[in-house]
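Spelled out, the chains give:
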Amino acid sequence: MFLRIGVFFLVFSMLVGGASADGKQVVIAFTNDIESAYDPVDAFWRDDIEQIGGIAQLATLIRQLRSESQVFFLFDAGDIFTGTLAKRTQGAVSFDLMALMGYDAIAIGNHEFEYGWQTLADQKNRVAFPVLGANLFYKDTNHPFAQPWVILEREGIRVGVIGVMGQDAATALIPSNIAGLTVLPPIDVVPALVRKLRPECDLIVVLTHQGETAPMQTDDEADASVQRGNEANLELAGSVVGIDLILGGHTDAGTREALIQPSTGTAVMQTYGQGQHLGVAEFTVSDKAVEFEGGRLISVNADELAADPEIAARLDAYRELHADLYEPVGTLATGITRRYNAESSMGGLFADIVRDAAEADIGLMPSGALRKDIGDGVVTRVDLLDAFPFEDKIAIVTLRGSVLRAVLEQGLTLERGMLQVSGLSVRYDSSRPAGDRVLTVLVNGKPLEDEALYRVGTLEILAQGGDRYTQFLSAENTSWAEATFADALLDAFEGEKDLRVEIEKRLTDVADP
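Because the structure is predicted, anything quoted here is derived from the model rather than measured.

J.: Explanation requested: the overall build of the chain in the structure shown.
T.: From N to C terminus, the chain includes 13 helices and 27 strands. Here the chain has a C-alpha radius of gyration of 24 Å; the compact-globule value for 513 residues is 24 Å, and the two agree. Its C-alpha atoms put the chain at 85 × 45 × 45 Å along the principal axes. Here the chain, with 513 residues, has 59% of them falling under the buried criterion. Long-range contacts, defined here as pairs at least 24 residues apart, represent 76% of the contacts in the chain between residues at least 6 apart. Element-wise, carbon and sulfur atoms account for 50% of the exposed surface of the chain, whose accessible area totals about 20200 Å². Measuring between centres, the 41 positive side-chain charges of the chain sit 3 Å from its 76 negative side-chain charges.

Next comes the structure, spelled out in structure tokens:
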């Protein structure tokens, strides 16, 4: 705790707006999983807001809250990359916008490795704020990959901040993109750092990017079936006394009010991601005690919040540098949408495209790779590349029928969402235990044969055994198409007029009422 102060200084501080006899009010604002969601979106699941989110609108809300607060800090719990501009700039746009918004520290998330760990090692140097990863080390060494912790001081308040990324998150990317690093379990690292920092700080905040991988689903705040919870954060909070606040990312499991770990009193919070809410936690810090006053999520109401001019101008400048992204490529008669735990029109179409590009019998597309819905009408390059903003090559994989069945079973666990398919008709029973849900499989109208070999087109992440699809490591053969999937996607839409896409019921759950 900070030192006791005399009566004269107390009175003087009150006159100039500093500490009062009751302590200082500390506001900690936070985001997580922004994932390059820079523009407001239709809030079709809400009846109180028409448009929600937008990075410039979020910046305005942050500026307002900062101006109203006595002591203010701003943090992010990871996943600032993803999206076409982030990809084109190798993450520079994401870091630049956060620097302009005045972030004090961020944790590293799995999407920060989309362009390889070497790129992140370089790009994180472009910002003055700490980019934290206390459990990330260069492989086979004890040398840290990133700054593990920082002590920030403002208005006499000292806040110790630790950042960690979970091991589940480390599997939610192309394995080779993180192959140069070791990711230790956060719970093995954090307690010792808390004990180290606690005597020097008024508050200890841990930024985590851990737990089960969340969906990229626009309306996830309204869909309980895709919310992955905060169990990993509550477990971490109970592992050591002295953490005041854990701010989570990765599971997108929003906390309308803070969760309190019963044995340690640690508050745990998280937003639903994509910049749709700003999280707020409030403390009163005096020389006698630290009191948690509560937490909340504030919706980024784009109907009422003006765009921050500095953020809007920087975003416009980046977009002008990459004007080719905004050229039209075709038109859609019907919008295409994605669902994380169900067959979707976008999923079916993208599975068809990867199948055709691989000249394969079957196409497989993970739902987690689908990042943005596309409305009807004119479709631009950026529409498609925001829907699939990754750098995956197309993999051509030869799988035995029994292995293909195991792949389908893995998808039906829903650990990483429904596996979208092309060339297959699958009947399954979701009421059965995971691993035993597939009932029948037809491959282009013929029953799947366990010993037969099938040519499968899919993404690099799956072919490398990522996203928990280790079954692909048993492939009879793996080769690579010349094009990336993003290239194939653009080619498939080029000149397409009034494309109409329907859900074809390739995946049928017999447990549905």
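J.: What exactly am I supposed to notice about the sheet that holds strand S13 (residues 259–260) here?
T.: Hydrogen bonding along the main chain pairs the strands of a sheet, whether they run parallel or antiparallel. Pairing in this open sheet of six strands is mixed, and the strands run S8-S9-S11-S12-S14-S13 from one edge to the other. Either end of the sheet is taken by a strand with one partner, and the two such strands are strand S8 (149–154) and S13. Examined bridge by bridge, strand S9 (residues 157–165) and strand S11 (residues 203–209) share seven bridges and lie parallel to one another. Paired with Gly163 across the two strands is Leu207, which belongs to S11. Contacts from helix H6 (residues 186–197) reach S8, S9 and S11 within the one sheet, and its direction differs from that of S9 by about 165°.

J.: Is there a simple way to explain helix H8 (residues 309–321) in this structure?
T.: Counting along an α-helix, one turn takes 3.6 residues, and residues three or four places apart therefore face a common direction. The end-to-end C-alpha distance of H8 is 18 Å, a good match for the 18 Å that 13 residues give at a rise of 1.5 Å each. Inspection of H8 places Ile311, Leu315, Tyr318 and Arg319 among the buried residues, and these make up the whole buried set. Buried residues of H8, viewed axially, fall in a sector of 100°; they line one side. For H8, exposure combined with an orientation more than 90 degrees from the buried face picks out Pro309, Glu320 and Leu321. Along its buried surface, H8 packs onto helix H2 (55–68), helix H3 (84–88) and helix H4 (92–101). Structurally, the start of H8 carries an N-cap: the backbone nitrogen of Glu310 is 3.1 Å from a side-chain oxygen of Asp308.

J.: Explain the side chain of Ser299 here, please?
T.: By the secondary structure assignment, Ser299 is in strand S16 (residues 290–299). Among the polar contacts listed, one links the side chain of Ser299 to the side chain of Arg46, at a separation of 2.9 Å. Excluding anything up to four places from it in sequence, Ser299 contacts Arg46, Ile49, Leu61, Gln276 and His277.

J.: Quick question: what am I supposed to make of the pattern of salt bridges here?
T.: Two side chains of opposite charge can pair, provided their charged atoms sit close to one another. Tallied over the entire structure, the rule returns 28 salt bridges. Residues Glu35 and Arg371 are paired through a salt bridge, measuring 3.2 Å at the closest nitrogen-oxygen approach. One end of the pair, Glu35, is in the loop between strand S1 (24–31) and strand S2 (41–42); the other, Arg371, is in the loop between strand S18 (362–366) and strand S19 (377–380), with 336 residues separating them in the sequence. Since its relative accessible area comes to 6%, Glu35 is described here as buried. The exposure class of Arg371 is buried, given its relative accessible area of 7%. In the salt-bridge network here, residues are joined through shared partners; they are Asp168, Glu415, Arg416, Asp467 and Arg468.

Parameters at a glance
- Position labels on residues start from 1 in each chain and follow its written sequence.
- Only residues with pLDDT of at least 70 get local features here, since the model is predicted, and only at 80 or more are side-chain atom pairs given and counted; chain-wide, interface and lining totals rely on the full set of residues.
- As a rule here, side-chain values come from all non-hydrogen atoms in the structure, and water together with hydrogens is ignored.
- Helix numbers and strand numbers start at the N terminus; a helix is a DSSP run of H or I with at least 4 residues, a strand a run of E with at least 2.
- Each radius of gyration reported is based on C-alpha atoms, and the globular scaling rule is 2.2 Å times the count of residues to the power 0.38.
- A 1.4 Å probe rolled over the protein chains alone gives each residue an accessible area, and that area as a share of the maximum for its type sets the label: buried under 20%, exposed over 50%, partly exposed in between.
- Residue contacts are counted whenever heavy atoms from the two residues lie within 4.5 Å of one another.
- All accessibility values rest on the Shrake-Rupley procedure with a 1.4 Å probe; residue burial counts only the protein chains present in the view.
- Counting rule applied: Lys, Arg positive; Asp, Glu negative; His and chain ends not counted.
- Charge positions are represented by NZ for Lys, CZ for Arg, CG for Asp and CD for Glu.
- Here the rule is simple: two strands pair whenever DSSP picks up at least two bridges between them.
- All axes here are fitted lines through C-alpha atoms, helices being fitted over the stretch that makes contact, and every angle between N-to-C directions spans 0 to 180 degrees.
- An expected span of 1.5 Å times one less than the residue number is assigned to each helix.
- What the arc covers is the set of directions going from the helix axis to the C-beta atoms.
- Under the rule applied, a polar contact is a pair of N or O atoms within 3.5 Å (in protein, one hydrogen donor and one hydrogen acceptor; residues adjacent in sequence only if both atoms are side-chain atoms).
- Any Lys or Arg side-chain nitrogen found within 4 Å of a carboxyl oxygen on Asp or Glu counts as a salt bridge.

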